[in-house]
Amino acid sequence: MELPGNAVPIKTNPYSDQHPGTSGLRKKTRIFMQPHYLENYIQSIFNVMREESKGGFEKRTLIIGGDGRFYNRTAIQVILRMAAANGFGRLLVGRDGYLSTPAMAAAIPRRSALGGLLLTASHNPGGIDADFGVKYNTGNGGPAPERLTGRFHTETTKLSQYFTLQTPDLDIGRIGTTVLGKTEVSVIDPLQDYVEVIQGIFDFEALRRLFRGGFRLLFDAMHGVSGPYAEEIFERTLGAAPGTVYRGEPLEDFGGHHPDPNQVQAADLIRRMGAADAPDLGAACDGDADRNMIVGRGFFVSPGDSLAIIAQHAGCIPRYRDGLAGVARSMPTSTALDRVARKMRVRLHETPTGWKFFGNLMDAGLCTLCGEESFGTGSDHVREKDGLWAVMCWLSILAHTGKRVEQVVKDHWRLFGRSYFQRRDFEALDSAGATHMIEILREKLPGLAGAGFADVRIEKADEFSYEDPVDGSVSRRQGIRVFLDDGSRIVCRFSGTGTSGVTLRLYLERYRAEGDLPLDTLVEPFARAASELMKVREFCGRDRADVVT
Ligand code: VG1
Ligand code: CO
């Protein structure tokens, strides 16, 4: 391996806990601040990617950016020095260190980069006592597949040195190019690639007309990185009124909130949308701008419904006018999308939780639209979920149909029926108790068929395994599923993005042909029956979920 002459090797010892989860390595910020912790992980990625990319890095480009959370600025300087010491030909970094997750996904292929390093813990809170994260995205713009993340981890367990330069910090506040050792470093406009990609998808003239006609959008950026993107697209390009974007300034601690767009953390938006003179559409994005929440006037749109409705109306968006190659959803996501796919005669793929599984399908031309119940929706325009894209889809649907949000959703239920869906999270559980609970449940699965469950019967119960139709890789233990004989479904799995203890997610879905029954009355008996079946109280000492979305 040839390294630049000024590269300084630093001796280090492996950390045993650098195991990437659903979406990169996510830990408490103070863990990342330990000596050599960040450096070890970055060097491990470089070592694996050097092997992968066959040959040196000297003709290669790496992109670096993040959601602006605390420790981003420090981490970016560390990574710039290390990437230069590891011999990268060119480094691109978003101005002030900003790049949203979808913007990174847009920039990597457009700039023919080898990959990108994203500094974000997404919707997790930020600050010295909160969370930090690092994610590596590959040449297609999407998150590294499990085959690679597994190797990153293996590499962290045997690492003995990393490489850096002894150079001062670079000014990343201004667009321009400098050199670091032998490496060219360019500070780029974090908006440019992304905005150009979005402009290639939607009918901007139609949306400008919508806003000219008095349409009102209220967008909550939750002090994450979506603010500058939203101001550029909604206010400056589409002519939405100034003030359409609020909490638009990225802050290191997101103003002390969880930048998580759901009914619990974005309660303020829900409240504003409940007012008598509320805007026509409300939306929010998470810290790194890949998640979205959609709200109508006094009306919350469940993410599974949003995904199905976008698929149903895809024809009103220029990029999707010629039809969909296929659609995909993560396994716990509601089956609303399945019914639309059936009607449209397009193939539906069911993948494990996490965006990394959609990329292969898209690269192979098997999937155009996809999404998850966790407020993530996207398409093959980039290989990440994309919060603003989802808002643009809704604007397009409303412009095209002339309907209100509530009416769009209720018309969808009338046509397709409704999946009453709820997710309940039990956070920070004791790991031993929770693991034992799942082991016992796993043993019970084969014998569950025929047993009673609330007022219905269990048809079958299993554990989800996924075989990737493109590369044949198999991911096991991706969630326990209990299918009920009225077409309902219960799913449970552990979160792979948490940073303290274990988080149990319980997903409840009941299908009914009619759409206007009260959600709670339908899901509550199922939640109780699931808790009894799993013995959540006995093993985890909990009766109630911490977050219900
Ligand atoms: C959660 C969600 C999953 C999502 C992932 C990353 O993972 O459930 O659907 O893809 O977060 O989203 P888990 O393993 O905690 O359930 V993000 O916006 O945090 O990058
Ligand atoms: Co996110």
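Residues numbered from 1 in each chain as written. Chains lettered and ligands numbered in written order. Predicted model: local features only at pLDDT ≥ 70, side-chain atom pairs only at ≥ 80, totals over all residues. Heavy atoms only, no water.

### Here we look at the sheet that holds strand E16 (residues 348-351)
Quick note on the threshold: Paired strands, as defined in this entry, are two strands with at least two bridges between them according to DSSP. Secondary structure follows DSSP: runs of H or I at least 4 residues long count as helices, runs of E at least 2 residues long count as strands, and numbering of each begins at the N terminus. Only C-alpha atoms enter the line fits that serve as axes; for helices the fit covers just the stretch in contact. Angles between N-to-C directions range over 0 to 180 degrees.
Taken together, the 4 strands give an open sheet; going across it, the order is E16-E15-E17-E18, and neighbouring strands pair in mixed fashion. The open sheet has two edge strands, E16 and strand E18 (376-379), and neither has a second partner. Neighbouring strand axes in the sheet, compared pairwise and without regard to direction, differ in orientation by 15° on average. Bridge count between strand E15 (residues 327-330) and E16: 4 bridges; the pairing is parallel.

### Overview of the domain arrangement of the chain
Threshold: For the domains described, the bounds stem from an automatic or database domain assignment. Every residue pair with non-hydrogen atoms within 4.5 Å of one another is taken to be in contact. Once two parts are put together, the accessible area they lose, assessed with a 1.4 Å probe and summed over both, is termed the buried area.
According to the domain assignment, the chain consists of domain 1 (8-190), domain 2 (194-416) and domain 3 (418-548). Between the C-alpha centres of domain 1 and domain 3 the distance comes to 35 Å. Contacts between the two partners involve 10 residues from domain 1 and, on the opposite side, 7 residues from domain 3. When the two sides are added together, the surface that domain 1 and domain 3 hide from each other amounts to roughly 590 Å², 41% of it contributed by carbon and sulfur. Counting the surface domain 1 buries against domain 3, the share from its top three residues, Thr22, Arg26 and Lys28, is 56%.

### Thoughts on the site of ligand 1
How we decide: Nearness here has a simple test: a residue counts as near a molecule or strand if at least one of its heavy atoms is within 4 Å of that partner. The term polar contact refers here to a pair of N or O atoms within 3.5 Å; inside protein, the definition further demands a hydrogen-donor-capable atom paired with an acceptor-capable atom, and it admits residues adjacent in sequence only when both atoms are side-chain atoms. Throughout this entry, Asp, Glu, Lys and Arg are counted as charged residues, while Ala, Val, Leu, Ile, Met, Phe, Trp, Tyr, Cys and Pro are counted as nonpolar. The remaining residues, Gly among them, count as polar.
Thr22, Ser122, Gly496, Thr497 and Arg505 are the nearest of the 20 residues found near ligand 1. Taking histidine 123, its side chain carries an N or O atom lying 2.7 Å from an oxygen atom of ligand 1. Interatomic distance of 2.9 Å between a side-chain N/O atom of arginine 291 and an oxygen atom of ligand 1. Of the residues in the shell around ligand 1, the class split is no nonpolar, 10 polar and 10 charged.

### Quick word on the pairing of strand E17 (residues 369-372)
Selection criterion: Only protein chains enter the accessibility calculation, which uses a 1.4 Å probe; a residue whose area is less than 20% of its type maximum is buried, one above 50% is exposed, and one in between is partly exposed.
Where burial is concerned, the two faces of E17 agree: the one with Leu369 and Gly371 and the one with Cys370 and Glu372 are both buried. Direction of pairing for E17 relative to E18: antiparallel, over a ladder of 4 bridges. Paired with cysteine 370 across the strands is glycine 378, a residue of E18. Between E17 and E18, which pair antiparallel and follow one another directly, the connecting turn spans 3 residues, one of which, phenylalanine 375, has a positive phi of 65°.

### A closer look at the side chain of threonine 183
Mapping threonine 183 onto the fold places it in strand E9 (residues 183-188). At a separation of 2.8 Å, a polar atom in the side chain of threonine 183 contacts the main-chain carbonyl oxygen of phenylalanine 88. If sequence neighbours within four positions are ignored, threonine 183 has contacts with Ala84, Phe88, Gly89, Arg90, Leu91 and Thr178.

### Observations regarding helix H6 (residues 192-199)
If you check which residues of H6 are buried, you get Asp193, Tyr194, Val195, Val197 and Ile198. Packed against the buried residues of H6 are helix H4 (101-110), helix H7 (204-212), helix H8 (226-237) and helix H13 (387-401).

### Things to note about the coordination of the cobalt ion (ligand 2)
Tetrahedral coordination by four donors sets the ideal angle at the metal to 109.5 degrees; octahedral coordination by six donors sets it to 90 or 180 degrees. Note the following rule: For Na, K and Ca the donor cutoff is 3.2 Å, while for all other metals N, O and S atoms count as donors only within 2.8 Å; water does not appear among the atoms, so some sites may look incomplete.
Looking at the cobalt ion (ligand 2), the protein donor atoms are Ser122 (OG), Asp286 (OD), Asp288 (OD) and Asp290 (OD), and they sit 1.9 to 2.1 Å from it. Given the relative accessible area of 4%, serine 122 is considered buried. The buried category is assigned to aspartate 286, whose relative accessible area is 0%.

### Quick notes on the packing of aromatic side chains
What counts is decided by this rule: A pair of Phe, Tyr and Trp rings is counted when the ring centres sit within 6.5 Å of each other, with Trp represented by its six-membered ring. The angle between the planes then sorts it: under 30 degrees is stacked, over 60 is edge-to-face, the rest tilted. Here, a charge over a ring is recorded when the distance from Lys NZ or Arg CZ to the ring centre is within 6 Å and its angle to the ring normal is within 35 degrees.
Tallying each qualifying case throughout the model produces 19 aromatic pairs. Ring geometry for tyrosine 194 and tyrosine 229: centres 5.6 Å apart, planes at 90°, overall edge-to-face. Taken together, the residues tyrosine 194 in helix H6 and tyrosine 229 in helix H8 connect sequence positions 35 residues apart. Pair check on accessibility: tyrosine 194 and tyrosine 229 agree, each one buried. Ring geometry for phenylalanine 219 and phenylalanine 234: centres 5.7 Å apart, planes at 55°, overall tilted. Remark: phenylalanine 234 occurs in helix H8 and phenylalanine 219 occurs in strand E10 (residues 217-220); sequence separation between them is 15 residues. Here the two residues phenylalanine 219 and phenylalanine 234 agree in accessibility, since each one is buried. Cluster of aromatic residues (ring-pair linked, three or more members): Tyr15, Phe32, Tyr37, Phe70, Tyr71 and Phe132. Positioned above the aromatic ring of tyrosine 246 is the side chain of arginine 272, whose terminal nitrogen or guanidinium carbon lies 4.0 Å from the ring centre.

### Focus on unusual backbone geometry
Note: most peptide bonds trans; most residues except glycine with negative phi. One non-glycine residue, arginine 345, lies in the positive phi region at around 55°. If you trace the backbone, arginine 345 turns up in the loop between helix H11 (336-344) and E16. When its relative accessible area of 76% is taken as the criterion, arginine 345 is described as exposed. Its identity as a non-glycine residue notwithstanding, phenylalanine 375 has a phi of 65°, on the positive side. Phenylalanine 375 gets classed as buried once you look at its relative accessible area, which sits at 5%.

### Quick look at the state of the cysteines
As a reminder, the rule being used: Defined by distance alone, a disulfide is two cysteine sulfur atoms within 2.5 Å.
Applying the stated criterion across every chain yields a total of 0 disulfides. In this model cysteine 316 remains outside any disulfide bridge; the closest cysteine sulfur is found in cysteine 393, 8.1 Å from its own. According to the relative accessible area criterion, cysteine 316 is buried, its value standing at 11%.

### Comments concerning the pattern of salt bridges
Just so we agree on the cut-off: For this analysis, a salt bridge means a side-chain nitrogen from Lys or Arg found within 4 Å of a carboxyl oxygen belonging to Asp or Glu.
The tally for this structure, following the rule as stated, stands at 47 salt bridges. Measuring nitrogen to oxygen at the nearest pair gives 3.6 Å for the salt bridge that ties arginine 481 to glutamate 350. Note that arginine 481 is positioned in strand E24 (residues 480-484) and glutamate 350 in strand E16, a separation of 131 residues in sequence. Classification of arginine 481 as buried rests on a relative accessible area of 11%. A relative accessible area of 23% means that glutamate 350 is categorised as partly exposed. Ionic pairing is found between arginine 510 and aspartate 455, a salt bridge with its closest N-O pair at 3.5 Å. Of this pair, arginine 510 sits in strand E26 (residues 502-512) while aspartate 455 sits in the loop between strand E20 (452-453) and strand E21 (456-463), and the two are 55 residues apart along the sequence. Each of Arg329, Asp338, Glu350, Asp462, Arg481, Arg489 and Glu509 takes part in salt bridges that share partners, so that together they form one network.

### With respect to the pairing of strand E25 (residues 489-494)
Buried residues dominate E25, accounting for 5 of its 6 residues. Hairpin connection between E24 and E25: a loop of 4 residues separates the two successive antiparallel strands, and glycine 487 in this loop has a positive phi of roughly 85°.

### So, the environment of serine 379
Inspection of the secondary structure puts serine 379 in strand E18. Exposure remark for serine 379: the relative accessible area of 0% places this residue in the buried category. Remark: the alpha-carbon pair of serine 379 and phenylalanine 358, spanning 21 residues in sequence, is separated by 9.4 Å. The residues touching serine 379, leaving out its near neighbours within four places in the chain, are Tyr320, Met362, Thr368, Leu369 and Trp389. At 2.6 Å, the side chain of serine 379 forms a polar contact with the side chain of tyrosine 320. Here histidine 381 takes part through its side chain, which lies 2.7 Å from a polar atom of the side chain of serine 379.

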